[in-house]
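Per-entry structural report
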Amino acid sequence: MLCVYGGRSSGVNGQEDFMLLAGPLTKQGVRTSGSEENEAFDCSHPIPPGSKQYFEYLQSKGVTHFKVPLSWAQILPTGLPSEPQQAVVRCYQTLLKHLQEVGLQPLVILHGSTVPDSLRSSYGGWESQEMLERFQQYAEFAFMEFAPLAHSWVTFSELDGVLREVQAADALTGQQSISQLNKNLYLFYHQNFPDKGRYLSFGLETRDVAKLSHTKASASVDFLSVHTEYNCASSEDFSKELRNLQTSSGNLPILIYEMNIHGCSHNQHQPLGDLLHIIQSRSLNILGCDMKGMLDIQDAPVSRDLSNLIKTTEFMNSYETIWQTFGGQTSAERDLFLMESFPSGFQWATSTESFKAEGGWLEGGKGETIWDRFGHEGQALGNQTADLACDSYNKVDYDVYLLRGLQVNTYQFSISWARIFPSGHRDSQSKKGALYYDKLINALIESGIQPVATLYHWDLPQALQDNGGWTNASIVEAFKDYADFCFAKFGDRVKTWNTFSSPWVVSHAGYGTGEHPPGIKDYVVSSYEVTHNLLKSHAEAWHVYNDKYRKSQRGKVGIALNSDWAQPMNPSKPEDVTAADHYLQFMLGWFAHPIFVDGDYPALLKNQVEQKRKECPDFVPAVLPTFTPEESKRIHGTSDFFGLNHYTSRLVNSSKGGCSPGPEGVGDFQAYVDPSWSTTASDWIYSAPWGLRALLNYIATEYLNVTKVPIYITGNGMPTEYSGDALNDTSRVEYMKSYINEALKAITLDGVDVQRFTVQSLMDGFEGKQGYSERFGLHHVNFKDEGRPRTPKQSAYIFSQIIEQNGFVSSKHVFRGLRMSHTRRSTALSPSEVPSKSKVIWEKFSQQSKFQRQMYHYGTFRHDFSWGVSSSTYQIEGGWNADGKGPSVWDNFTQSGSIPGNANGNVACDSYNRLDEDLYMLRALKVKTYRFSLSWSRIFPDGRRTSLNKRGVDYYNRLIDGLLAHNITPMVTLYHWDLPQALQNIGWENVEMIDIFNNFCDFCYATFGNRVKFWITFNQPQTIAWLGYGLGQIPPNVKNPGTAPYKVAHNLIRAHAKAYHTYDDKYRKSQGGLVSIALNADWVEPTDVNVPREVVAADRAMQFQLGWFAHPIFKNGDYPEAMKSQIRVKRT
């Protein structure tokens, strides 16, 4: 086994030494390379001759630590600390001294073998509380005797074996006892030996992750000693097991105490390469590793000069380490798509920014911002402004509707400082402005969406800019007060805050190049002053939250920094590698280094500025302010997460910048793009998704190696042109999927702690200088329409699908729909009287005054009330002949030119091809149920089972599964007027239709009934009978009002009953669903409720419409008396 040290390990609590393990000695003498495993030396005999020379040899090969397992049975044969074997104690002390004399540190193992026989015979095994107490006494004795000579300890080399023994007796009690024992030993050791550099551990196998939850590892050890297996045939399991172990332990450092290699005869160096990759990428906190069996690998560079290799890699900076990891990848390796899922609980987000989306530039007392002034001065494309933008200020419900459709669990928005404080100061507070954000935040929470608020996204109140803006140091206090107000006002609901989003853009484009408002072109002084004040403002806001609100609100405050990834133009040129590092330090490090590293600007940036000051005495290209020690201390560590906005990458080469101001001039580099990279509508965003993975690894290495906070990707997206097909944004789909997948690789393959991905943005908006010409949105906004309607683009549906799957692997839903109990009435009701008893309804309501009728009732429905929407197949599906569907009577009717404008349902809403869009709208509406009808001729094209169309069945399966996946209960109508045309030669006047319909229902129950629990046999059968066969206004357009409607109604009622009994007899017991019918009815009022004849007429009208079907089904199996008697009268 070979192990090398790649980069600066934080070790244990900041320890920089990497542990390279050898040993132990064996009873047979010195363990030589390739020798068989022997029992460990236990001081029952003198120390083997030649041991010291062997230790010197190991030290010369780079070994730093040597395993020394103690023998409990030899040291305390009776088990009593008062009766040690002094010779054995002296032997171990001598062995430890020999190791120290040659420069090796002992790793002492308290227990890995034999329990003293006297204890085993007296107390049994580890399940005995007395045995645990004796072990604690032994451990305390060993600490006192040997700890002065050894700083690193392992209590149990194989804790899993001890746990298995106690679990066999009493799992819960035993685990608790072992956990308490470890904690006792940890406290004793550190209380008695409090000096720095002392560490305690226990040993586990990597596959025993579950045991960590019982041992409370983080409270009882400083690191984990791991026994692991490596198999070349399944090498990916190696890093996964280590990562799982570290995550389960609370990110404790890992010492690979023993590593057994299998199946690698064809490639001895594969495990070495994989381990080297893990260590150098710093995706795991590896403290050290075992070198057993590696000293005889003659062609391994470590075996020749391990120490030099360690020193070489130790001085690589973070960029060089990451570039070494990823720079050698082939394009195929780099671009390989990872079909995996994100961790459970991953945060999926989209975003908007106040000045780009809100509009309402003067509404509610809002003050003018620098972007308002910018637009009004005609500086945006086509003199466009953000005055109305997307009108989100007036469309909270609309925007939240879109968010529900996307299925995001997080929404990031920015607060307009000028909407809260129009002048920038508290004395100008606008209550209406705060109410807008209250409404938005509340609507998000009600929809189960976590609000993330950005305090500042570039839109400074113009009143503050008139006083110098971000170059005036007084703005620090103003921002602090604004942040204080927001925390107090919204912090009870907002639990994640970004102080600033892309502050580099403010310094660079607002005060350096002048492309953004306030349009100041001063990269010598102003740009650096702005960054200085932004950093101090951020720190003050963080401290306000930390001091006043964190305890009660329990939220997080951070900053969202923007950065490209940079790679050397010519990787073989060290100067280009250095230049790429300069690029990142001048962009990301300018802000991240003070916050996450040491409270000051990067040394590289400061050195470059100082160098230019010396080179350019007549024109200094950069004046970098300095932080006082107090300011540095106040800035350092002021972020609870690392927010990252990332859109693109750059190729960078070394170039003498001379005395030119700006990052390239001062930093001595130039940036380019690869012409092979995919372009976007923006001249600065090119698609290079692999750069995100590299950048995330760089951030974890450079900024989060000691301060462990999660990374939130707070912005990623690309614009498309405002032309062509605005909805089928295939380029955005590819960009989005690729960048999300690179984040997944960083998490899954590299162990980077990324917890959120934010796609920018929810909808198209005002994009500054480009106006509305560049479209970043997942939703298209029609800016020509004052209503600003939003339409989902293809990217919205794809993003929703990724969220639903939590990545790129399909997942099965578990929601089975709403449940209702079935109760059957045992006896029929008596027939209705003439007029019916319902005449009391007219007596109650018909005499109400207009005021009483129109009085609004304020209240709520029951909590379990079911809200739904509906559709019918012939009205929305389209696809009239797609995938084998047969024609229906409605197809035949509309295609004959019977509809005004020759309209037809051939395409209709195209729901047959737009299922994802329909589901999107249903999610957005938050409905509990969706009622839709089945197209009989899509399932049975000619109406009979022998013509079964599997693709039609597949469509409804996808629809039903999609509904259930989003917790929407399907309610299915079996027949909504669209009879297969092939059956119209029989038609509903013929009793033969009863069995044909029942056969269709039987198939549907059997096919869909395991998921569908609400069935409707017919929708509005009275409409079918009267309009279809009486007046002939709808298909089949039969005009025979005297007899046909009554025959049809008779057959429809019998068909319904037969379908009901088929379900009742064959499916209800196993499926547990309900079957009913959907009847239509108008309400009828008597002309004068005081005239009995008018009441009778109103009742008769109701019976001819509603009672015609309801009376047989719900009362007594026969038509209402009012209807029968009236027909008898007419016949005579």
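Further up the page is the structure itself.
Residue numbers run consecutively from 1 along every chain, following the written order of its sequence. Predicted model: local features are reported for residues with pLDDT of at least 70 only, side-chain atom pairs are reported and counted for 80 or more only, and whole-chain, interface and lining totals are derived from all residues. Computation of side-chain values covers all heavy atoms of the structure but excludes hydrogens and water.

1. Thoughts on the packing of helix α20 (residues 503-511) against helix α21 (residues 526-553)
Convention followed: For every element, the axis is a line fit to its C-alpha atoms; helices are fit only across the contacting stretch, and the angle between N-to-C directions ranges from 0 to 180 degrees. Only runs of H or I of at least four residues qualify as helices and only runs of E of at least two qualify as strands under DSSP, and these elements are numbered from the N terminus. These descriptions rest on fixed angle ranges, namely under 35 degrees for roughly parallel, over 145 for roughly antiparallel, 65 to 115 for roughly perpendicular, and the rest for oblique. Crossing handedness is defined as follows: a turn of the near helix away from the far one that is anticlockwise and smaller than a right angle gives a left-handed crossing, while the clockwise case is right-handed. Only heavy atoms enter the contact rule, under which two residues are in contact if any of them lie within 4.5 Å.
Two elements in contact, α20 and α21, have axes separated by 9 Å at closest approach and are oriented at 155 degrees. As summarised for this structure, α20 and α21 are arranged roughly antiparallel, according to the angle between their axes. Judged by the sense of rotation from one axis to the other, the crossing of α20 with α21 is right-handed. Here Pro-503, Val-506, Ser-507, His-508 and Tyr-511 of α20 come into contact with α21, specifically with Ser-526, Ser-527, Val-530, Thr-531 and Leu-534.

2. Notes on the state of the cysteines
Cysteine pairs can be covalently joined through their sulfur atoms, and such a bond is termed a disulfide. Put simply, the rule reads: When the sulfur atoms of two cysteines come within 2.5 Å, that pair is taken as a disulfide.
Following the criterion strictly, the structure yields two disulfides and no others. Each disulfide pairs two cysteine sulfurs, and for Cys-43 the partner residue is Cys-91, the sulfurs being separated by 2.1 Å. On the sign convention where negative means left-handed, the S-S torsion of about -75 degrees between Cys-43 and Cys-91 marks this disulfide as left-handed. Residue Cys-43 is located in the loop between β1 (19-22) and α1 (51-60), and its partner Cys-91 is located in helix α3 (residues 86-101); the two are separated by 48 residues in the primary sequence.

3. Concerning helix α40 (residues 1092-1116)
Put simply, the rule reads: Under the convention used throughout, the expected extent of a helix is 1.5 Å for every residue step, that is, one less than its residue count. Each residue is assigned a bend, namely the angle between axes fitted to the seven residues that terminate at it and the seven residues that start at it. Here's how the labels work: a residue is buried when its accessible area is under 20% of the maximum for its type, exposed when over 50%, partly exposed in between, all with a 1.4 Å probe on protein chains only.
With 25 residues, α40 extends just 26 Å between its outermost C-alpha atoms, more than 12% less than the 36 Å of an ideal straight helix rising 1.5 Å per residue. Of all the bends found along α40, the most pronounced is centred on Gly-1107 and spans about 65 degrees. Inspection of α40 places Val-1095, Ala-1098, Asp-1099, Met-1102, Gln-1103, Gln-1105, Gly-1107, Trp-1108, Phe-1109, Ala-1110, His-1111 and Pro-1112 among the buried residues, and these make up the whole buried set. Tucked into the core, α40 has its buried residues touching α29 (839-845), α37 (1021-1029), α38 (1044-1066) and α41 (1121-1131).

4. Regarding the pairing of strand β6 (residues 223-231)
The test is simple: A pair of strands is treated as paired once DSSP finds two or more bridges between them.
Burial runs high along β6: seven of the nine residues are buried. Note that strand β5 (residues 199-205) and β6 share five bridges and pair parallel. Bridge pairing in β6 places Leu-204 opposite Val-226. Where β6 meets strand β7 (residues 254-262), eight bridges bridge the pair, whose relative direction is parallel. Across the sheet, the residue bridging to Leu-224 is Ile-254, located in β7.

5. A word on the sheet that holds strand β3 (residues 105-111)
Strands belonging to one sheet form pairs held by backbone hydrogen bonds; the direction of such a pair is parallel or antiparallel. Strands sit in the order β1-β2-β3-β4-β5-β6-β7-β8 around a closed barrel of eight strands; the barrel is parallel. On average, adjacent strands in this sheet sit at an angle of 30 degrees to one another, irrespective of strand direction. Two elements, strand β4 (residues 152-156) and β5, share three bridges in a ladder whose sense is parallel. Following the sheet pairing, Val-154 is matched in β5 by Ser-201. Along the sheet, α3 makes contact with β2 (65-69) and β3, crossing β2 at roughly 175 degrees.

6. What about the side chain of Thr-496?
Rule in force here: Under this definition, polar contacts are N or O atom pairs within 3.5 Å; protein pairs additionally need one hydrogen-donor-capable and one acceptor-capable atom, and for neighbouring residues in sequence, both atoms have to be side-chain atoms.
Looking at where Thr-496 falls in the secondary structure, it is placed in strand β12 (residues 496-501). Among the residues examined, Thr-496 registers a relative accessible area of 4% and is labelled buried. Polar contacts involving the side chain of Thr-496 include one to the side chain of Gln-450, which spans 3.0 Å. When sequence neighbours within four positions are dropped, the list of residues in contact with Thr-496 reads Gln-450, Pro-451, Val-452, Ala-453, Lys-556, Phe-641, Tyr-712 and Arg-756.

7. Examining the packing of aromatic side chains
This is how the line gets drawn: Pairing of aromatic side chains here covers Phe, Tyr and the six-membered ring of Trp, requires ring centres within 6.5 Å, and sorts the geometry by plane angle: under 30 degrees stacked, over 60 edge-to-face, intermediate tilted.
All told, the structure shown has 89 aromatic pairs when counted by the stated rule. Judged by centre distance (6.1 Å) and plane angle (70 degrees), the rings of Tyr-92 and Phe-146 are edge-to-face. Linking Tyr-92 in helix α3 with Phe-146 in helix α5 (residues 129-146), this pair joins segments that are 54 residues apart in sequence. According to the relative accessible area criterion, Tyr-92 is buried, its value standing at 0%. On the numbers, 5.5 Å between centres and 70 degrees between planes, the contact of Trp-470 with Phe-500 is edge-to-face. Of this pair, Trp-470 sits in the loop between α18 (462-465) and α19 (475-490) while Phe-500 sits in strand β12, and the two are 30 residues apart along the sequence. Looking at Trp-470, the relative accessible area reads 0%, which means it is buried.

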